[in-house]
2 protein chains.
Amino acid sequence: MHISELGEFPLIARLTQYLPPYLADVVRGVGDDVAVVRLDDARYLLLTCDIQVAGVHFLPQVITPYQLGRKIAAINLSDIGAMGGRPTHALVSLALPPDTEAEYLDAMYQGLAEEMNRYQADVVGGNMARADQMIIDLFLIGEVSPDHLLLRNGARPGDQVIVTGHLGASRAGLALVLDPDLRARLPEAQVEAVLRAHLTPTPRVAEGQFAGAFGGVTAAIDLSDGLAADVGHICDESEVGVRLFAQDLPVEESTRAVAQAAGADPLHWALFGGEDYELCLAVAPERAESLVEALAEATGTPARVIGEFVPVQAGRTLVWPEGRESPLTPRGWDHFRIQD
Amino acid sequence: MHISELGEFPLIARLTQYLPPYLADVVRGVGDDVAVVRLDDARYLLLTCDIQVAGVHFLPQVITPYQLGRKIAAINLSDIGAMGGRPTHALVSLALPPDTEAEYLDAMYQGLAEEMNRYQADVVGGNMARADQMIIDLFLIGEVSPDHLLLRNGARPGDQVIVTGHLGASRAGLALVLDPDLRARLPEAQVEAVLRAHLTPTPRVAEGQFAGAFGGVTAAIDLSDGLAADVGHICDESEVGVRLFAQDLPVEESTRAVAQAAGADPLHWALFGGEDYELCLAVAPERAESLVEALAEATGTPARVIGEFVPVQAGRTLVWPEGRESPLTPRGWDHFRIQD
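The rules behind the values
Residues numbered from 1 in each chain as written. Chains lettered and ligands numbered in written order. Predicted model: local features only at pLDDT ≥ 70, side-chain atom pairs only at ≥ 80, totals over all residues. Buried ≥ 20, exposed ≤ 12 C-beta atoms within 10 Å, placed from the backbone. Helix = DSSP H or I, 4+ residues; strand = E, 2+ residues; numbered from the N terminus. Pairing = 2+ DSSP bridges. Least-squares fit on C-alpha atoms with pLDDT ≥ 70 in both. Contact = placed C-beta atoms within 7 Å. Expected span 1.5 Å × (residues − 1). Axes fitted to C-alpha atoms, helices over the stretch in contact; angles between N-to-C directions.

**Student:** Residues and numbers for the pairing of strand S8 (residues 217-222) of chain A, please.
**Tutor:** All names here are of chain A. Across the 6 residues of S8, 6 count as buried, placing the element largely inside the fold. Of the pairings in the sheet, the one linking S8 to strand S10 (residues 279-283) comprises 5 bridges and is antiparallel in character. Counted as the bridge partner of Val 217 is Val 283 from S10.

**Student:** Provide a residue-level description of the relation of the copies chain B and chain A, including the pertinent values.
**Tutor:** The operation relating chain B to chain A is a screw motion whose rotation component is 180°, with 0.0 Å of axial translation and a residual RMSD of 0.0 Å. Classification of the inter-copy transformation places it as that of a two-fold axis. In this assembly, 100% of the residues forming the interface of chain B have copies in chain A that are likewise at the interface, indicating an isologous arrangement.

**Student:** Summarise helix H9 (residues 227-238) of chain B; cite the residues concerned and give the values.
**Tutor:** Residues and elements named next belong to chain B. Compared with an ideal rise of 1.5 Å per residue, which puts 12 residues at 16 Å, H9 spans 16 Å between its outermost C-alpha atoms and is within 8% of the ideal. Among the residues making up H9, those that are buried are Leu 227, Ala 228, Asp 230, Val 231, Ile 234, Cys 235 and Ser 238. Of the residues one or two after H9, Glu 239 is the one with positive phi, at around 55°.

**Student:** Tell me about the sheet that holds strand S7 (residues 160-164) of chain A, and please be specific about residues and values.
**Tutor:** All names here are of chain A. The strand order S8-S10-S7-S11-S9-S12-S13 describes an open sheet built from 7 strands, whose pairing is mixed. Single-partner strands in this sheet number two, and they are S8 and strand S13 (325-327). The sheet shows a mean angle of 25° between the axes of neighbouring strands, taken without regard to direction.

**Student:** I'd like to hear about the environment of Ser 93 of chain A, residue by residue, with values.
**Tutor:** Within the element layout of this structure, Ser 93 of chain A appears in strand S4 (residues 86-96). In this structure Ser 93 of chain A comes out as buried when scored by C-beta crowding, with 24 C-beta atoms within 10 Å. In sequence terms Ser 93 of chain A and Pro 21 of chain A are 72 residues apart; their C-alpha atoms lie 28 Å from each other. Contact partners of Ser 93 of chain A, with chain neighbours within four places excluded, come to Gly 126, Asn 127 and Asp 137 of chain A together with Cys 49, Ile 51 and Asp 137 of chain B.

**Student:** Help me get a handle on the sheet that holds strand S13 (residues 325-327) of chain B, residues and values and all.
**Tutor:** Residue and element names in this part refer to chain B. Spatially, the 7 strands line up as an open sheet ordered S8-S10-S7-S11-S9-S12-S13, and their pairing is mixed. Each having just a single partner strand, strand S8 (217-222) and S13 make up the two edges of the open sheet. For this sheet the average axis-to-axis angle between neighbouring strands, irrespective of direction, equals 25°. Judged from the 5 bridges that link them, strand S7 (residues 160-164) and strand S11 (residues 303-311) form a sheet pairing that is antiparallel. The residue bridging Thr 164 from the neighbouring strand is Ala 303, located in S11. Contacts from helix H8 (residues 205-214) reach S7, S8 and strand S10 (279-283) within the one sheet, and its direction differs from that of S8 by about 165°.

Encoded structure:
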């Protein structure tokens, strides 16, 4: 059977069956974005990797190599941050066509090193190989205190849903890079804001570490697939449902402006757009408001309550201002009738 | 400038300049096969990765997916073993064409998991992406006591050169997979031996750990590029020269038989063939013979003295039985006149 018929998650499940039982030091293995391994009583080691393929994950004609380097670093840093962890060391694997320009790699490496350095993570090695297509595979490790580790499986009914920053901006940026005409019709400041969100997202590393140490955070994930899909991962692993309040989703003016010009619904982008690299947290109700305040004070990053986790039987819903509820599905493009 | 004009090592050096100075915990960074990071007084963390590209590093028509999985694991395990380390955890990145057969990956994962398990290393995560070409990138970490860490830069003039196992067998296996007619002309037992060496090499993990703990080993490397090139890496980093004794290079009868049938020089294969995944050690002269004996007793793996390190001014030479010396270059195919 071709893997295209099988799909990614069934394939991972299928391959995982060949792995023998884990040794005692493996806290989290295959299945999460980040593996967790016990180093000693005070430290867990975090391991993650992300593979970026030219023409699949990035289009060399719309992202500069410097931006690409930063983004690849950010994607991995975001995963470590979402576990409450501190990134420490990275290896970079490059598969490169022989006619790759060295200057392209100069700029990419510069971006990558800068972004890593911003979070005190060192690139300590890597590997290069010849290939038909450019592929960049980054391995990043980090550390976290066992007390501060954030996983996806601890959310309980009643816990609040908190997100950092703003949603949908990366999707707005994508709309602009795919449609230069649209870009030409919008004010430069708004263009800049959403392009920045799409091309050089900010990983919420300090925010994740703060949340892990704060107490009361029962689950966390970074928003790479889109809020609806990613909050769904917490629901899956915590066996809870969720209610998100449509009017509370944080969407910036620039994102709204791009959506309007594109004839799109900004709420749709906020829920399903993906690549926001914000954090989504499950927080005990008595700690939620204080976390929002303390996080803003400590990191300068806004956060807000956008919903609550509910018993699994209550399902996953989006609540409209007038109180009506719609079912929330991970892939809203086809199945979720946002306007009904 | 295209990277094909620049070459791999100049490109690595060029990109490394964009990295800021390392933090204090980095013992070895970019430039080695394995990075070394301090965990605490008793432990260093080892990090390595190796990218294997279909059509470049392996030919799907001559290696079964099960063999490929084992070999990919072995290549990385060998790197950790050569540092004196114990492999612990791996991530697997797969770039896959959509028409990849799931059954191919089943077999590959089985081989990979089996080989990892043989050395008590757990596959704890990974990543998948769509691509035009199959690429497997394995990330392996391990641990070593600081006292047992083997690097490339400690060899001193007078230290003995020791290799484990046998040389050239992988190259003999390659000759057979590339030429089915040659294979048909040879006895099956000899065919099996060299094919095994080429398709499912044995990483010298226990041997590396034993050597690291034994004392007196001043440098080590695993033989992936071929003895001449790899001993050259020790020479480069230790700033020494080397003399290898042609008659002492361990070459098995099966390798000799294949070489003879192929009209090739088995000594050439032993020096330049590559992919033997044996260990090459620099050992203090007073410890050399006892290490050879103790290693064989502890691990069952033969090892022997094949030369000595000399002052850097004395250069790198191959010593013939009658005492004549030829210069030893890493790429002997063109420049090294083995028969003169």
